[in-house]
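Given next are the chains, with one letter for each unit.
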Amino acid sequence: MSLTQRKGRVVIEVPATWMGRMKTRAVQTGQRMAPMADQARTVTAQRLEEARYWAAPRLESAAHEFEHQVAPKVSSMLAATAKRIDPTPIRPRRWPTFVLLSGLAIGAMGYMFYRRNAQQWTEHMKDSASDASRWVNERADRATESTDGLVSDKTNEASRKMQ
């Protein structure tokens, strides 16, 4: 039900449905409560601001206390727990070091054998070269002797024929 004035007369509107009546009552109640709601909103905003001013330094102090006293203990506890539940215990692995050192030793021995063989090969080649030059010299001497003998025989024969 609502009251309205039209051209100096008061008109009363009566809603036909139950839902319409409830709506009308809710609107009337809202109009009566509006000033109280505004006042409650203002008071609540003031109280919230006061609470923030009061809580901010206490929260900051609590944060520092937590950081300096509780956090290190929690951190060490978590680290100890992680070590305890780790499925693969950390053991120093010696085989990579062994493989590395063995490779270095084999490489050093290979280098020594290479140098020794290279030196022996060089000496052998020197000996072979000197043997070869001696052999070539001997062959050249023999060839010279045989050609000298042949030439002298031929010249002697040719000179005898000429006489």
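A quick note: this is a predicted structure, and the numbers were derived from the prediction, not measured.

**Student:** Help me get a handle on the overall build of the protein, residues and values and all.
**Tutor:** Looking only at helices and strands, one finds two helices and two strands in the protein. Per-residue burial for the protein yields a buried fraction of 1% across its 163 residues. Accessible area for the protein stands at about 15600 Å²; split by element, carbon and sulfur atoms hold 62% of it.

**Student:** Could you give me a rundown of helix α1 (residues 18-85), with the residues and numbers involved?
**Tutor:** With 68 residues, α1 should reach 100 Å at 1.5 Å per residue; the first-to-last C-alpha distance of 68 Å falls well below that figure. A maximum bend of about 45° is found in α1 at Met33, where proline Pro35 lies one to four positions downstream.

**Student:** Residues and numbers for the confidence of the model for the protein, please.
**Tutor:** Chain-level statistics for the protein give a pLDDT mean of 79 and a share of 79% at 70 or above. At the low end of the mean pLDDT range in the protein sits strand β1 (residues 2-6), at 55; at the high end sits α1, at 88.

**Student:** Can you break down the pattern of salt bridges residue by residue, with the values?
**Tutor:** Tallying each qualifying case throughout the model produces one salt bridge. Across the salt bridge formed by Asp38 and Arg41, the nearest N and O atoms sit 2.5 Å from each other. Of this pair, Asp38 and Arg41 both sit in helix α1, separated by three residues, roughly a single helical turn. Overall, Arg41 belongs to the exposed group, its relative accessible area being 56%.

**Student:** Help me get a handle on the side chain of Thr24, residues and values and all.
**Tutor:** With respect to the helices and strands, the residue Thr24 is situated in helix α1. Only 2.9 Å separates the side chain of Thr24 from the backbone oxygen of Gly20, close enough to count as a polar contact.

**Student:** Could you give me a rundown of a nonpolar patch on the surface, with the residues and numbers involved?
**Tutor:** A grouping of Phe66, Val70, Val74, Met77 and Leu78 is seen on the molecular surface, where their side chains present a nonpolar patch of about 450 Å² in accessible area. Relative to the assigned elements, Val74 resides in helix α1.

Conventions adopted
For every chain, the first residue of the written sequence is number 1, and numbering continues from 1 along that sequence. A pLDDT threshold of at least 70 governs which residues receive local features in this predicted model, and a stricter bar of 80 or more applies before side-chain atom pairs are shown or counted, although totals over entire chains, interfaces and linings include all residues. Heavy atoms from the whole structure form the basis of all side-chain values; hydrogens and water molecules are not counted. Under the scheme used here, helices are H or I runs from DSSP no shorter than 4 residues and strands are E runs no shorter than 2 residues, and both carry numbers assigned from the N terminus. Burial classification: accessible surface area is computed with a 1.4 Å probe over protein chains only, and a residue below 20% of its type maximum counts as buried, one above 50% as exposed, and the rest as partly exposed. Using a 1.4 Å probe, the Shrake-Rupley method yields the accessible areas, and only the shown protein chains count as cover for residues. Given a helix with a known number of residues, its expected span is that number minus one, times 1.5 Å. By definition, a residue's bend is the angle between the axes fitted to the seven residues ending there and the seven starting there. On a range of 0 to 100, pLDDT expresses the predictor's confidence in each residue. Here, a salt bridge means any side-chain nitrogen of Lys or Arg that lies within 4 Å of a carboxyl oxygen of Asp or Glu. In protein, a polar contact means a hydrogen-donor-capable atom and an acceptor-capable atom, both N or O and within 3.5 Å, with residues adjacent in sequence counting only if both atoms are side-chain atoms; elsewhere, any N or O pair within 3.5 Å suffices. For patches, a residue must show more than 30% relative accessible area and have no salt bridge; joins then use 9 Å for like charges and 5 Å for nonpolar side chains, namely Val, Leu, Ile, Met, Phe, Trp and Tyr.

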